[in-house]
Amino acid sequence: MPSINPRMKVLNILACVVAVIIAAGEMARFWGSARFIPMALDELAVAALLGWAAWRSRYDGAIWHVAAWGALAGLTLVLLVETADHQLHGPVKAAGPIYLTVLGAMLILAILGVCRAVHLCRATLR
């Protein structure tokens, strides 16, 4: 089995932690609801991609991390814009400011994940 770069190991651990948090949050939010299937699939797909990236990085390097963290950034940006729209133009969500803060932090984390993965891919090419 190939050895893992220590920087890759940190990215793998972070990807797994974020994947578990996203998946657990969505399952807790929609469990038992008829809306579970359409509403939770996007977050569960991104969580699965983050887990896949962490697992495949031993063989393929950070390329899957670029895709996974990019997918998380895209998903988070959409959710952030939708939540901001509700807060600005109604109907206002009671927990809107909390959602905006968490989504903003997630977007920053996802962008940093993409940047780290791209850096690791470039380092592998050198």
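Preceding this paragraph is the structure being described.
A few points on the structure. (Residues numbered from 1 in each chain as written. Predicted model: local features only at pLDDT ≥ 70, side-chain atom pairs only at ≥ 80, totals over all residues. Heavy atoms only, no water.)

**Thoughts on the packing of aromatic side chains**
Under the defined criterion, the tally for this structure stands at 4 aromatic pairs. With 5.7 Å between their ring centres and 80° between their planes, W31 and F36 make a pair best called edge-to-face. Residue class for F36 comes out buried when judged on its relative accessible area of 16%. The rings of W52, W55, Y59 and W64 are connected pair by pair, giving a single aromatic cluster. (Phe/Tyr/Trp six-rings, centres within 6.5 Å; stacked < 30°, edge-to-face > 60°. Buried < 20%, exposed > 50% of the residue type's maximum accessible area, 1.4 Å probe, protein only.)

**Remarks on the pattern of salt bridges**
Counted by the stated rule, this structure contains 2 salt bridges. Of the charged contacts, one joins D60 and R56 as a salt bridge, the two residues approaching to 3.0 Å between their closest N and O atoms. With a gap of 4 residues between them, D60 and R56 both fall in helix α2 (residues 36-60), about one helical turn apart. (Salt bridge = Lys/Arg side-chain N within 4 Å of Asp/Glu carboxyl O. Helix = DSSP H or I, 4+ residues; strand = E, 2+ residues; numbered from the N terminus.)

**Structural notes on helix α3 (residues 63-89)**
Residues three or four positions apart in an α-helix share a direction because the helix packs 3.6 residues into each turn. Spanning 27 residues, α3 covers 39 Å between terminal C-alpha atoms, matching the ideal 39 Å at 1.5 Å per step. Along α3, the residues that are buried comprise H65, A68, W69, L72, A73, L75, T76, L80 and T83. Of the surrounding elements, those touching the buried residues of α3 are α1 (6-30), α2 and α4 (96-125). Directly after α3, the chain includes G90, whose backbone phi takes a positive value near 80°. (Expected span 1.5 Å × (residues − 1). Contact = heavy atoms within 4.5 Å.)

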